[in-house]
Amino acid sequence: MNILFIISGLILLVVGGNWLLKSSVGLSLRLNISKIIVGLTVVSFATSAPEMIVSIKAALNGFPDIALGNVIGSNVGNIGLVLGVILLINSIKVDNSFYVTDWPTKMFASTLLFAFLIIDGGLTRIDGIIFIAVLIVFLIILIRNNKKVQVDLDVPVEENMSYLKIGLFLLIGGLSLWVGSELLVEGAVNLAEKMGVSKRVIAVTVVSIGTSIPELASSIIAAIKKENDISIGNIIGSNIFNILSVLGVTAIIKPIEKVDVRIISQDIYWMLAFAFILLPLVLLPKRGILNFRSGILLLVAYGVFLYFTVI
């Protein structure tokens, strides 16, 4: 029954996130907001909605390990699992934005989370406000750097979707996310208790892998189409938004306190390592290329991470 709850919750989160994404983009286009702003803000927030709803729900229900472990595990999974699988399909040529904005912002956000956890033992409302402030600055820089770029939104929506349909999609998406988060959190908590493992282990493995499925699916499709910039952009952007928006909003609504000590003494270091490893992989042995061997290395590293998380 717990497995059924988790699977049903994940399906509803994916479906709800998709409906929310369509309605948000549809509304933005109706309001004549430029596609680059829609792509960098609306789409990014909408695709992070499942993680955000799960973390907020877990924090409100008094399960800080799930709220935090979900994001940390998802960020590790995005690099180790998602990027690893993509590189088995196709090599990726990294563009200049990786060095200028993407990787530095990802490292800054990861280091900021590390510092807050070490200093506060969790995340306070002030920490959440700082995360949101950094996110706003990051978005402003992205929009300024890309304001002259033509963007084709990779989201199937009608150009002139009616307000009635937009409202219906928003309602269905919101309800699906809410019910999905209820089922996923309850199933994860019950499964942890039944298996005799900590909620942190379930969050960092089962929950985080589940909420990473949309990124895995979209990135694999992009890799097959050889749209490599979308693949690496999705992954790094998702990690940045997971920390700054998901944990930022969650901490503002409900501070994350009394977290499992192994999240601070072990998991956060794994997240930092997976964030950092991208740079040497991109620079060596051939600058600007992530290849098959890099994918194998990332998948092996992710397997080691799962082993040390579970034992």
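Note that the structure is a prediction, hence the values are computed from the model and not measured. (Residues numbered from 1 in each chain as written. Predicted model: local features only at pLDDT ≥ 70, side-chain atom pairs only at ≥ 80, totals over all residues. Heavy atoms only, no water.)

Enquirer: Outline the overall build of the chain, supporting the account with residue identities and numerical values.
Expert: When helices and strands are tallied, the chain shows 12 helices and two strands. Within the span of the chain, comprising 311 residues, buried residues form 50% of the whole. The contacts in the chain between residues at least 6 apart in sequence include a share of 85% that link residues at least 24 apart. Total accessible area on the chain stands at roughly 13,900 Å², and carbon and sulfur atoms take up 68% of it. (Helix = DSSP H or I, 4+ residues; strand = E, 2+ residues; numbered from the N terminus. Buried < 20%, exposed > 50% of the residue type's maximum accessible area, 1.4 Å probe, protein only. Contact = heavy atoms within 4.5 Å. Areas by Shrake-Rupley, 256 points an atom, 1.4 Å probe, with all protein chains shown as cover.)

Enquirer: Before we move on, can you summarise the side chain of Q266 with the specific residues and values?
Expert: Positionally, Q266 belongs in helix α11 (residues 261-283). In this view, Q266 contacts R200, F308 and T309; residues no more than four positions away in its chain are not counted.

Enquirer: Give me the lowdown on the packing of aromatic side chains, citing residues and values where you can.
Expert: Tallying each qualifying case throughout the model produces 11 aromatic pairs. Against the face of Y99 rests R287, its NZ or CZ located 4.6 Å from the ring centre. (Phe/Tyr/Trp six-rings, centres within 6.5 Å; stacked < 30°, edge-to-face > 60°. Lys NZ or Arg CZ within 6 Å of the ring centre and 35° of its normal.)

Enquirer: Which residues make up the packing of helix α7 (residues 163-195) against helix α8 (residues 199-211), and what are the values?
Expert: At their nearest, the axes of α7 and α8 sit 9 Å apart, and the two run at 140° to each other. Between α7 and α8, the interaxial angle falls into the category oblique. Crossing of α7 over α8 shows right-handed handedness. The residues of α8 that touch α7, namely those facing L184, A188, V189, L191, A192, E193 and M195, are K199, I202, V207 and T211. Within the contact of α7 with α8, the residues separate by chemical class into eight nonpolar, one polar and two charged. (Axes fitted to C-alpha atoms, helices over the stretch in contact; angles between N-to-C directions. Parallel < 35°, antiparallel > 145°, perpendicular 65-115°, else oblique. Left-handed = near helix turned anticlockwise from the far one by under 90°. Nonpolar A, V, L, I, M, F, W, Y, C, P; charged D, E, K, R; others polar.)

Enquirer: Explain the confidence of the model for the chain residue by residue, including any values.
Expert: Reading fine detail from the predicted coordinates is not recommended where pLDDT is low. Per-residue confidence for the chain gives a mean pLDDT of 84, with 88% of residues at or over 70. The element-level mean pLDDT for the chain is lowest in helix α2 (residues 35-47), coming to 67, with helix α12 (residues 292-310) highest at 94. (pLDDT = per-residue confidence, 0-100.)

Enquirer: So what's going on with the nonpolar core? Residues and values would help.
Expert: A general trend in soluble globular proteins is that nonpolar side chains are found buried together. L68, L83, L113, L123, F131 and L290 are the most contacted members of the largest nonpolar core, which totals 76 residues. The leading source of residues in this core is helix α4 (residues 64-89), at 11 residues. Those residues in contact with L290 that sit more than four places away from it in its chain are L83, L87, S91, I92, V94, I232, L281 and V282. (Core = buried A, V, L, I, M, F, W, Y, C linked by side-chain atoms within 4.5 Å.)

Enquirer: Tell me what's going on with the side chain of S208, and back it up with residues and numbers.
Expert: Residue placement: S208 occurs in helix α8. A polar contact is formed between the side chain of S208 and the backbone oxygen of T205, at a distance of 3.3 Å. (Polar contact = N/O pair within 3.5 Å; in protein donor to acceptor, adjacent residues only side chain to side chain.)

Enquirer: So what's going on with the environment of K165? Which residues, and what values?
Expert: Along the chain, K165 falls in helix α7. Remark: the alpha-carbon pair of K165 and G26, spanning 139 residues in sequence, is separated by 9.3 Å.

Enquirer: Any chance you could break down α12 for me, citing the residues and the numbers?
Expert: Between the first and last C-alpha of α12 there are 27 Å, a value that for 19 residues agrees with the 27 Å anticipated at 1.5 Å per step. Every buried residue belonging to α12 is among S294, G295, L298, A301, Y302, F305 and T309, and all of these are buried. Considered in projection along α12, the buried side chains sweep an arc of 130° and stay on one side of the axis. For α12, the exposed residues set more than 90 degrees away from the buried face come down to R293, Y307 and V310. Against the buried residues of α12 lie α4, α8, α11 and β2 (289-290). (Expected span 1.5 Å × (residues − 1). Arc of directions from axis to C-beta.)

Enquirer: Could you give me a rundown of helix α3 (residues 49-60), with the residues and numbers involved?
Expert: Over its 12 residues, α3 runs 16 Å from end to end, which matches the ideal 16 Å to within 8%, given 1.5 Å per residue. Counting buried positions along α3 gives 10 out of 12 residues, so the element sits mostly inside the fold. Of the residues making up α3, those classed as buried are A49, P50, E51, M52, V54, S55, I56, K57, A58 and A59. Downstream of α3 by a residue or two, G62 has a phi angle that is positive, lying close to 85°.

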